[in-house]
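# Overview (structure and organization)
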Amino acid sequence: MSTHIQLIQLGGLEGLLYVFDKRGEGLMAHTHDANTAHDVLVLNGAVKIYGNVPEMVLITGQHHNFDWSAVHEIVALSDGAAIFNRFLYGIPEPYRNLPPELKIGKAENTLHSPISYDSILSR
């Protein structure tokens, strides 16, 4: 199962797009500091957010702000689920000036293995 990742920079719209090939793929438990804080917008399908945040199922078109400093995990409930994690305080420094070919990547088994953003988005 693959998770496709793309850094989006469109004016004030800045964040990471995730597309999960299959149901059950997701983003393993993690937290954020202010540099990587985000909210979530579901662009396709359905996902569940859970952990030390209130459990919630979101479907296409729904947006959610939550405590990004609390442990949270996101899992796709449908094949092809897509989310946009909009950075709340701008793009983190390491990603600000990447050339287009380095703003897209793919990772495997992301519900159980951490994503190596350094190798995906900053080669």
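Located above this text is the structure these notes cover.
Owing to the predicted nature of the structure, the values given are computational and were not obtained by experimental measurement. (Residues numbered from 1 in each chain as written. Predicted model: local features only at pLDDT ≥ 70, side-chain atom pairs only at ≥ 80, totals over all residues. Heavy atoms only, no water.)

### Observations regarding the sheet that holds strand β3 (residues 26-30)
Applicable threshold: Criterion used throughout: strands pair if DSSP finds at least two bridges between them. Helix numbering and strand numbering both begin at the N terminus, where a helix is a DSSP run of H or I of at least 4 residues and a strand a DSSP run of E of at least 2. Whenever a helix is involved, its axis is fitted only over the stretch in contact; in every case the axis is a line through C-alpha atoms, and angles between N-to-C directions fall within 0 to 180 degrees.
Spatially, the four strands line up as an open sheet ordered β3-β8-β5-β6, and their pairing is antiparallel. In this open sheet, the two strands that pair with only one neighbour each are β3 and β6 (56-59). Mean inter-strand twist for the sheet, computed between neighbouring axes without regard to direction, equals 20 degrees. With three bridges joining them, β3 and strand β8 (residues 72-76) adopt antiparallel strand pairing. Bridge pairing links His30 to His72 in β8.

### Concerning unusual backbone geometry
Generally, phi is negative for residues other than glycine and the peptide bonds are trans, each holding for most cases. Formally: Three labels apply to residues, based on accessible area from a 1.4 Å probe with only protein chains included: buried if under 20% of the type maximum, exposed if over 50%, partly exposed otherwise in between.
Backbone geometry at Asn109 places phi at a positive 50 degrees, although glycine is not the residue there. Residue classification places Asn109 among the partly exposed residues on the basis of a relative accessible area of 34%.

### Notes on the sheet that holds strand β4 (residues 38-44)
Pairing in this open sheet of six strands is antiparallel, and the strands run β7-β4-β9-β2-β1-β10 from one edge to the other. Pairing within the sheet leaves two strands with one partner each, and these edge strands are β7 (63-64) and β10 (104-108). Direction of pairing for strand β2 (residues 13-20) relative to strand β9 (residues 82-87): antiparallel, over a ladder of five bridges. For Tyr18, the partnering residue across the bridge sits in β9 and is Ile83.

### Topic: the environment of Val71
We count it as follows: Contacts were defined at the residue level, with two residues in contact if any of their heavy atoms lie within 4.5 Å.
Positionally, Val71 belongs in the loop between β7 and β8. For Val71, a relative accessible area of 33% corresponds to the partly exposed category. With 41 residues separating them along the chain, Val71 and His112 place their C-alpha atoms 15 Å apart. When residues no more than four places from it in sequence are discounted, the contact partners of Val71 are Ala29, His30, Thr31, Tyr50, Gly51, Asn52 and Val53.

### Some thoughts on the packing of aromatic side chains
Applicable threshold: Here a Phe, Tyr or Trp ring, Trp counted by its six-membered ring, pairs with any other such ring whose centre lies within 6.5 Å, and the pair is stacked when the planes are under 30 degrees apart, edge-to-face when over 60, and tilted otherwise. Distance and angle both matter: a charge sits over a ring if NZ of Lys or CZ of Arg is within 6 Å of the ring centre and within 35 degrees of the ring normal.
As enumerated under the stated definition, the model contains two aromatic pairs in all. When the ring of Tyr18 is compared with that of Phe20, the centres are 6.4 Å apart and the planes differ by 5 degrees; the resulting orientation is stacked. Assessed through its relative accessible area of 3%, Tyr18 is described here as buried. An angle of 75 degrees between the planes, with centres 6.3 Å apart, marks the rings of Trp68 and Tyr89 as edge-to-face. One end of the pair, Trp68, is in the loop between β7 and β8; the other, Tyr89, is in the loop between β9 and β10, and 21 residues separate them in sequence. Since its relative accessible area comes to 54%, Tyr89 is described here as exposed. Taking the ring centre of Tyr50 as reference, the NZ or CZ of Lys48 above it sits at 5.4 Å.

### Side note on the layout of surface pockets
Vacant regions in the atomic arrangement are exposed by a probe of water-molecule size rolled over the atoms. Here is the rule: Throughout, the protein atoms alone are placed on a 1 Å grid, and a set of points is a cavity if a 1.4 Å probe fits but cannot get out or a pocket if it is open with protein on both sides within 12 Å along at least five of seven lines; lining residues have an atom within 4 Å of a point. Grid points are joined across faces, edges and corners, and a volume is the space filled by probe spheres set on the points. Under the grouping applied here, Gly and all other residues not named as nonpolar or charged are polar, the nonpolar ones being Ala, Val, Leu, Ile, Met, Phe, Trp, Tyr, Cys and Pro and the charged ones Asp, Glu, Lys and Arg.
Taken as a whole, the largest pocket holds about 320 Å³ of empty space. Around the largest pocket, the lining is made up of 18 residues, and of these Tyr18, His30, His32, Ile115 and Tyr117 lie nearest the centre. Taken together, the elements giving at least two residues each to the lining of the largest pocket come down to β2, β3 and β9. The element that contributes the greatest number of residues to the lining of the largest pocket is β3, accounting for three residues. Considered class by class, the residues forming the lining of the largest pocket number ten nonpolar, eight polar and no charged.

Geometry only, nothing functional implied.
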